[in-house]
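One-letter residues, chain by chain:
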Amino acid sequence: MKIVIIGCTHAGTITASQILSQHPDTEVTIYEKNDNVSFLSCGIATYLGGVAKNIDDMFYSSPEALGQLGATVRMQHEVTSVDLQAKSLQVKDLLTGEESTDHYDKLVVTTGSWPVIPDLPGINSDHVYLCKNYNHAKKLFEVAKDAKRVVVIGGGYIGVELVEAYSKQGKQVTLVDTNDRLLSKYYDQEYTDRATKDFEDHGVHFAFGQRATAFEETDDGVVIKTNVGSYEADMAILCIGFRPNTDLFKGQLDFNEDGSIKTNAYMQTSDPDVYGAGDSVAVHFNPTDTEAYVPLATNAIRQGTIAGTNLFGNVMTYMGTQSTSGIELYGRSMAATGLTLTDAKEAGFDADAVTFEDNYRPEFMPNEEKIMGTVVWDRSNNRILGAQFMSNLDISMYANTVSVMIQNHNTINFMAMVDMLFQPNFDRPFNFVNLLGQQAVAKATK
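Residues numbered from 1 in each chain as written. Predicted model: local features only at pLDDT ≥ 70, side-chain atom pairs only at ≥ 80, totals over all residues. Heavy atoms only, no water.

## So, the packing of helix α1 (residues 10–22) against helix α7 (residues 297–310)
Part 1: Remark: α1 packs on α7, axes separated minimally by 7 Å, with the N-to-C direction vectors making an angle of 30°. Considering their axes alone, α1 and α7 lie roughly parallel with respect to each other. Where α1 crosses over α7, the two elements pack in a sense that is right-handed. Between α1 and α7, the residues in contact are H10, A11, I14, T15, Q18 and I19 and A297, A300, I301, G304, T305, G308 and T309, respectively.
Part 2: Residue composition of the contact of α1 with α7, by class: six nonpolar, seven polar and no charged. (Axes fitted to C-alpha atoms, helices over the stretch in contact; angles between N-to-C directions. Helix = DSSP H or I, 4+ residues; strand = E, 2+ residues; numbered from the N terminus. Parallel < 35°, antiparallel > 145°, perpendicular 65-115°, else oblique. Left-handed = near helix turned anticlockwise from the far one by under 90°. Contact = heavy atoms within 4.5 Å. Nonpolar A, V, L, I, M, F, W, Y, C, P; charged D, E, K, R; others polar.)

Shown next as structure tokens:
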């Protein structure tokens, strides 16, 4: 059987590895239009901020490694069209310009995503940059050396990480966002207010409630115009969001309204010989039991593993996601899973939430760091819908624990009493997650 994979970042790399580790005699051809594979773009900010010293360490595979597994890897080859009925594709060698035709028995769509680029005057300025891939990261690193004024547009995870990285370098940084606070998609205001204070303590300026409307070149930089004012910068970085790269399959596969490709639980598209994974497809969002577009590496590698398995027979199903995520800013950790209270109500739930803060371990221990946590639940059945955590400690495992509870449809009653270890070095007789659940039960039973 011949399998063709289009695109080779996270999902494509994992799919190829899964196929060839289980079925080493399979003919696998990979087409990737870039000059690298498997780049961990979530680490870009650590590189720009000087935490990670070598950007080349952010690759976990390579064309050579995939070739040693048995794949035929065509780097800097762009698939320009696909005919699903004929099971054929047209390919262009971006180095030579040569065009060719290839065929497949099974096709895997892992074409990924691309930053949202609004159609605004001056958007193509040489001083306006993107932040998505390896080449973007190298460019941002070089340009920032001489930049003193940086404007970041978009207050999601990538945007705020870049703001932190550049503020730590002593640059004058402004964050422009249409929302009234940063990270509003993931965290309640009590969390984002604390994070905002940290940014302001480091000299960051916020332009909330503002939408970029134009970019004007100057002799030494660019002016970012918004519906409220304007900001001069040596460099502006677009971090508005991402859209799926799926134009090749319009009119041939079933799509979701957001432009992502529809798949079933086996990662199979509307064409039974075509599978999809990663940022080009939707995910099943468990808290609402609906399809959603959540472009995360965690989703991509799971979907790629499933697609690589099911190409030989549908035996593995996708469990869905809680969109669990986390970030560290100025030493403060934040992590979230599932829905915020606002999102839960917008989704139609009769939802409630409680926020609780306490020391993570007994007061007789020398370090009394606090954790703040929030849990959201459905009042009709007490089922957990989401949670958020913040601390100077690493609280990622708290979010992961509640993620499993959401996956399993557990209630706040379960959360309050589920067995967890106790040892004074680590926690209290009741773990913080238990205590948070107990606060929720107390509120729910009033």
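On we go from here.
## Looking at the sheet that holds strand β16 (residues 235–238)
Strands belonging to one sheet form pairs held by backbone hydrogen bonds; the direction of such a pair is parallel or antiparallel.
Part 1: In space, the five strands of this open sheet follow the order β9-β16-β10-β11-β12, with parallel pairing throughout. Two strands in the sheet have a free side with no partner beyond their single neighbour: β9 (128–130) and β12 (205–208). For this sheet the average axis-to-axis angle between neighbouring strands, irrespective of direction, equals 20°.
Part 2: One ladder, built from three bridges, connects β9 with β16; its direction is parallel. Within β16, the residue paired with Y129 across the bridge is I237.
Part 3: In the packing of helix α4 (residues 134–144) onto the sheet, the strands contacted are β9 and β16, and the crossing angle to β9 comes to about 140°. (Pairing = 2+ DSSP bridges.)

## With respect to helix α9 (residues 396–407)
Part 1: Under the 1.5 Å per step criterion, the end-to-end length of α9 is 17 Å for twelve residues, consistent within 8% with the ideal 16 Å.
Part 2: Of the residues flanking the end of α9, it is H409, one or two places downstream, whose phi is positive at about 60°. (Expected span 1.5 Å × (residues − 1).)

## Considering the packing of aromatic side chains
Part 1: Per the counting criterion, the structure on display carries 15 aromatic pairs.
Part 2: Centroid distance Y157 to Y187: 6.5 Å. Interplanar angle 80°. Geometry classified as edge-to-face. Here Y187 lies in the loop between β11 (172–177) and α6 (189–201) and Y157 lies in helix α5 (residues 157–168), a separation of 30 residues in the sequence. For the pair formed by Y157 and Y187, the shared burial category is buried.
Part 3: Here the aromatic rings of F199 and Y330 are separated by 5.1 Å at their centres, their planes lie at 80°, and the arrangement is edge-to-face. Of this pair, F199 sits in helix α6 while Y330 sits in the loop between β21 (325–329) and β22 (332–338), and the two are 131 residues apart along the sequence.
Part 4: F199 gets classed as buried once you look at its relative accessible area, which sits at 1%.
Part 5: Put simply, the rings of Y157, Y186, Y187 and Y191 pair up and form one aromatic cluster.
Part 6: Directly above the ring of F242 sits K132, whose terminal nitrogen or CZ lies 4.8 Å from the centroid. (Phe/Tyr/Trp six-rings, centres within 6.5 Å; stacked < 30°, edge-to-face > 60°. Buried < 20%, exposed > 50% of the residue type's maximum accessible area, 1.4 Å probe, protein only. Lys NZ or Arg CZ within 6 Å of the ring centre and 35° of its normal.)

## Brief notes about the environment of G276
Part 1: Considering the arrangement of structural elements, one finds G276 in strand β18 (residues 274–276).
Part 2: A C-alpha to C-alpha distance of 23 Å links G276 and Y134, two positions 142 residues apart in sequence.
Part 3: If we skip the residues at most four places from it in the chain, G276 touches V109, T263, M267, T269, V281 and A307.

## Observations concerning the side chain of D234
Part 1: Tracing the sequence through the fold places D234 in the loop between β15 (230–233) and β16.
Part 2: With relative accessibility at 16%, the residue D234 sits in the buried group.
Part 3: Separated by 2.8 Å, the side chain of D234 and the backbone nitrogen of R149 make a polar contact.
Part 4: Those residues in contact with D234 that lie beyond four places of it in its chain are H127, A147, K148, R149, D220 and G221. (Polar contact = N/O pair within 3.5 Å; in protein donor to acceptor, adjacent residues only side chain to side chain.)

## Digging into the pattern of salt bridges
Any two side chains of opposite charge can pair, given that their charged atoms come close.
Part 1: Applying the stated criterion across every chain, the model contains 19 salt bridges.
Part 2: Two residues, D273 and K106, come together in a salt bridge whose shortest N-O distance is 3.1 Å. Placement of the pair is D273 in the loop between β17 (242–244) and β18 and K106 in strand β7 (residues 106–109), with a sequence separation of 167 residues.
Part 3: Assessed through its relative accessible area of 17%, K106 is described here as buried.
Part 4: Note that R149 and E232 form a salt bridge whose closest N and O atoms lie 3.2 Å from each other. Highlighted residues: R149 in strand β10 (residues 149–153) and E232 in strand β15, separated in sequence by 83 residues.
Part 5: For R149, a relative accessible area of 18% puts it in the buried group.
Part 6: Overall, the relative accessible area of 54% leaves E232 in the exposed class.
Part 7: Within the structure, one salt-bridge network assembled from shared partners comprises R149, D220, E232 and D234. (Salt bridge = Lys/Arg side-chain N within 4 Å of Asp/Glu carboxyl O.)

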